[in-house]
Amino acid sequence: MGIIFAENQGNKLFKLDTPNTSYIIGVVCEEGFLGHVYYGKKVSDMQGAEHLTRMYDHPFTPDTNARDRLSFMDCFPTEYSSHGVGDYRESSIRVKTKQGQEAVLLTYVSHEIYKGKKGLEGLPATFGSEDEVTTLEITCEDKAIGLKAVLSYSVFEDTDAIARNIKLINTGEDKLIVHKVMSACLDMDNQDYEMITLHGSWARERHMQRKAIGYGKSSVSSVRGETGHQDQPFMAILEKTTTQTSGDAYGIHLAYSGNFRMMAEVNQFDMLRVMCGIEPENFSWVLESGEYFQAPEALLVYSSEGLGGMSRSYHELYRKHLIRSPYKDKKRPILINNWEGTYFDFDETKLYNIAKEAAALGVEMLVMDDGWFGNRFDDNRALGDWVVNEDKLKGGLKSLVDKVNALGMDFGIWFEPEMVSPDSDLYRAHPDWAIAIPGRVPGLARNQYVLDVSRKEVRDYILDMMFQVLHSANIKYVKWDMNRPLSDVGSAVLNSERQGELSHRYVLGMYEMQERLLQEFPDLLLENCSGGGARFDPGMLYYSPQIWTSDDTDAIERLQIQEGTALIYPLSTMGAHVSVCPNHTVGRNTPFDTRGYVALAGTFGYELDMTKLSDEDKQMVKKQTQMYHQFNDIVREGDYYRIASYGENHLYDCFQVVSKDKKKSLVFFVQVLNEANKKSRILKLQGLCPSSTYAVKELTMEGDLSEPIVKDTGKVFGGELLMNAGLGFERMWGDYRAKIVYLEEN
Ligand code: GLA
């Protein structure tokens with residue numbers, strides 16, 4: 001495995017191998033254009049592969065090899081598309097020179113292959129040891145404008161993933177202004193492909209959309225300064241026939257938490273170009289002579305085993321090579337968060353009573369959400385004033401935390417560090433710290449402004465306040481929230497030429513703040529959040545092992561949200577809580593056990609006032625917490641298989657996690673709607689060992705505490721039968737019913 005380089009008759013070929021995939025790059029002409037030769041199922045030999053670039057096969061070109069003709073540029077499959085020199089498809093790069101032109105054409109200069117992988121300065125990135133990763137760096141150049149570009153590719157020994165990034169260096173005398181620099185460009189022949197993107201809104205994040213690509217350009221993007229609820233920096237390219245278990249699936253995902261663009265284009269020659277990177281709109285970056293710009297990392301996965309194979313590769317990549325937290329392989333504490341339980345209406349007694357009740361039922365951490373600081377008795381004020389409100393928390397924070405600790409529980413706390421309320425001491429003292437355009441009153445969202453965290457003094461000030469709070473008591477967890485997107489993007493300190501840098505500088509500043517927080521508190525469990533799941537992206541996973549998936553905690557709404565999220569993210573990263581009914585977002589009533597089964601597929605916790613639960617529900621909490629302890633290892637570490645999608649069939653949902661040794665599996669089944677007079681459903685399972693036999697058990701929350709949480713059905717089936725023929729799921733009485741089947745190798 002790793003990276004193979006071969007040179008033959010002036011052609012240079014690079015083959016980048018993962019366990020099951022190959023990616024081939026070629027320098028196949030004397031001008032040194034970097035061609036994309038192949039990406040797909042593994043090939044052991046690349047002899048003659050350069051013919052795939054069709055160097056001599058150009059429509060409209062009367063003579064061969066006429067690379068001076070535009071038609072060559074317009075259909076050459078490239079590794080990184082040029083701008084303004086004849087490739088009329090989407091460009092990867094746009095750089096303005098002193099003279100004002102913007103054309104860029106990069107050609108090969110040199111390359112280097114080495115073991116391991118370098119970090120990206122100031123940006124999140126995948127990592128791995130020298131035994132786990134090999135990297136190829138290809139340096140290209142545009143001599144006409146004095147620009148070098150280092151295209152970097154890292155392949156993983158244990159995961160079918162390739163990490164790409166690009167660094168631009170101004171090697172000329174004059175200043176350059178970068179207006180566009182995509183992180184990856186992938187050219188392929190279009191095979192009538194379809195695409196999947198993930199869309200949503202507040203409380204409705206990451207719903208899957210699958211559609212034909214078609215001619216022209218299709219894109220999803222964010223100009224919100226964060227990834228956003230609305231679109232995910234992800235695109236999957238699939239054959240029409242690709243299913244969960246078979247067919248080609250290409251994934252491309254950007255490890256970045258700000259403005260992004262994902263684009264697919266099919267041109268006149270039926271060639272597909274897929275691209276991802278920082279959204280070029282409102283972006284510019286000044287590169288003085290000798291300076292460089294590092295673009296974020298793009299993460300590519302190919303699977304010949306359908307969407308399921310793609311999902312599992314992303315899960316492995318993120319669990320092993322992106323998340324750094326000391327918690328990443330650990331069972332997370334079961335937490336209770338008071339937000340839906342109390343909103344702003346709490347004091348130390350109320351919180352303590354919730355904690356006391358929860359501790360008795362097996363909950364392990366109390367998280368105090370919004371409303372504990374400054375003058376924050378509603379969401380109109382006080383963001384930025386990170387000082388404990390001791391009228392509300394009498395006796396102070398330490399006293400409350402000590403009391404909660406004495407119950408055997410840990411304590412966590414909520415912050416929204418990047419924000420400021422107009423009605424706050426911070427804003428009154430430093431109005432120019434808010435992002436705004438002079439002469440224009442900036443738009444409020446949730447009654448707040450965004451702080452210009454591109455400024456060091458702003459970051460220092462906020463972190464200093466946070467550190468004081470966190471040092472003042474035994475706090476084990478922070479929920480880092482961000483409740484509005486950026487608008488009126490202007491900084492009081494950047495000069496006019498550099499205002500276009502603000503959105504990216506903002507993201508870099510936010511990353512730096514999270515890095516410093518983790519350096520100061522290395523054992524902290526950090527959970528990111530943004531009005532629910534508006535900043536659920538690979539960039540944030542580099543800092544926090546879990547992210548609040550959505551403010552919608554309704555068990556049925558969560559099915560599609562969690563399905564879309566799990567298409568790329570491991571279940572161990574998805575914040576999932578049980579809340580009360582009628583649900584606060586949609587008003588739906590679902591059984592308490594169903595809410596538990598759905599939340600058990602994530603990091604698990606509660607978002608309610610435990611003191612108000614019925615005795616029956618409290619008993620179920622005890623059983624749910626036991627289930628979490630007994631089965632979370634499989635959820636957190638296992639392989640994920642999608643069996644059926646409620647989003648597609650509108651009736652029921654089913655997915656499975658299988659332990660790595662294939663000895664244990666959990667099958668989550670939710671019957672959303674019952675139907676009259678129908679037989680049981682038989683669903684084909686996946687991922688089991690065909691030659692093993694499995695005892696079929698069921699998790700149950702029924703009965704009093706003396707009843708076990710796992711019931712043996714007495715049935716035993718072979719893995720082959722379960723996968724080829726299926727397992728029967730009997731109809732349950734009523735709607736919104738759920739169960740978890742536990743298969744244990746006999
Ligand atoms: C956001 C979060 C919620 C909660 C509130 C507090 O909406 O997603 O979980 O923390 O903010 O204001």
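As a reminder, the structure under discussion sits directly above these lines.
Let me sum up the structure you'll find in this document. Predicted model only: the values in this text are computed from it and were never measured.

**What to know about the overall build of the protein**
So, step 1. Helix and strand counts for the protein stand at 14 helices and 39 strands.
So, step 2. A compact globule built from 746 residues should have a C-alpha radius of gyration of about 27 Å, and the protein, at 27 Å, falls within 12% of that.
So, step 3. With respect to the three principal axes, the spread of C-alpha positions in the protein is 85 × 70 × 45 Å.
So, step 4. A total of 746 residues make up the protein; the buried ones form 63% of that total.
So, step 5. Excluding contacts between residues fewer than 6 apart, the proportion of contacts in the protein whose partners are at least 24 apart in sequence is 70%.

**Points about the nonpolar core**
So, step 1. Core analysis: the biggest nonpolar cluster contains 199 residues, and Trp372, Leu397, Ile413, Tyr606 and Met610 have the highest contact counts within it.
So, step 2. Not counting residues up to four positions away in its chain, the partners in contact with Leu397 are Met368, Val388, Phe411, Ile413, Val469, Ser472, Ala473 and Ile475.
So, step 3. One finds Cys654, Phe669, Leu722 and Leu727 within the second-largest nonpolar core, a separate group that totals 20 residues.

**Focus: unusual backbone geometry**
So, step 1. The step from Cys581 to Pro582 runs through a cis peptide bond, and the omega angle for that step is -5°.
So, step 2. Looking at the secondary structure, you find Pro582 in the loop between strand E30 (577–579) and helix H11 (592–599).
So, step 3. The backbone of Asn282 sits at a positive phi, close to 65°, despite the residue not being glycine.
So, step 4. Along the polypeptide, Asn282 turns up in the loop between strand E17 (271–278) and strand E18 (285–287).

**With respect to helix H5 (residues 396–406)**
So, step 1. Of all the residues in H5, the buried ones are Gly396, Leu397, Leu400, Val401 and Val404.
So, step 2. On its buried side, H5 packs onto helix H4 (348–360), strand E22 (365–368), strand E23 (410–415) and helix H7 (456–471).
So, step 3. Looking at the residues trailing H5, positive phi occurs at Gly408, about 90°.

**Things to note about empty space enclosed by the protein**
Where empty space is left in the structure can be found by rolling a water-sized probe over the atoms.
So, step 1. Per the counting criterion, the structure on display carries eight cavities of 30 Å³ or more.
So, step 2. Roughly 150 Å³ of internal volume is contained in the largest cavity.
So, step 3. Lining the largest cavity are 15 residues; nearest its centre among them are Thr78, Tyr80, Ser82, Leu105 and Leu106.
So, step 4. Residues that form the lining of the largest cavity fall into these classes: 11 nonpolar, three polar and one charged.

**Some words on the site of the ligand**
So, step 1. Close to the ligand lie 13 residues; Asp369, Asp370, Arg446, Lys479 and Asp551 are nearest.
So, step 2. Asn483 is positioned with one of its side-chain polar atoms (N or O) 3.0 Å from an oxygen atom of the ligand.
So, step 3. Take Asp551: an N or O atom from its side chain is 2.5 Å from an oxygen atom of the ligand.
So, step 4. When the ligand sits alone it has 310 Å² of accessible area, and the protein chains cover 96% of it.
So, step 5. More than half of the atoms of the ligand fall within 2 Å of the grid points belonging to the largest pocket.
So, step 6. Tallied by class, the residues present in the shell around the ligand amount to four nonpolar, three polar and six charged.

Basis of the calculations
- Residues numbered from 1 in each chain as written.
- Predicted model: local features only at pLDDT ≥ 70, side-chain atom pairs only at ≥ 80, totals over all residues.
- Heavy atoms only, no water.
- Helix = DSSP H or I, 4+ residues; strand = E, 2+ residues; numbered from the N terminus.
- Rg over C-alpha atoms; globule rule 2.2 N^0.38 Å.
- Buried < 20%, exposed > 50% of the residue type's maximum accessible area, 1.4 Å probe, protein only.
- Contact = heavy atoms within 4.5 Å.
- Core = buried A, V, L, I, M, F, W, Y, C linked by side-chain atoms within 4.5 Å.
- 1 Å grid on protein atoms, 1.4 Å probe; cavity = no way out; pocket = protein on both sides within 12 Å on 5 of 7 lines; lining within 4 Å.
- Points joined across faces, edges and corners; volume = space filled by probe spheres on them.
- Nonpolar A, V, L, I, M, F, W, Y, C, P; charged D, E, K, R; others polar.
- Near = heavy atom within 4 Å.
- Polar contact = N/O pair within 3.5 Å; in protein donor to acceptor, adjacent residues only side chain to side chain.
- Areas by Shrake-Rupley, 256 points an atom, 1.4 Å probe, with all protein chains shown as cover.
- Sits in = over half its atoms within 2 Å of the grid points.

Structural measurements only, silent on function.
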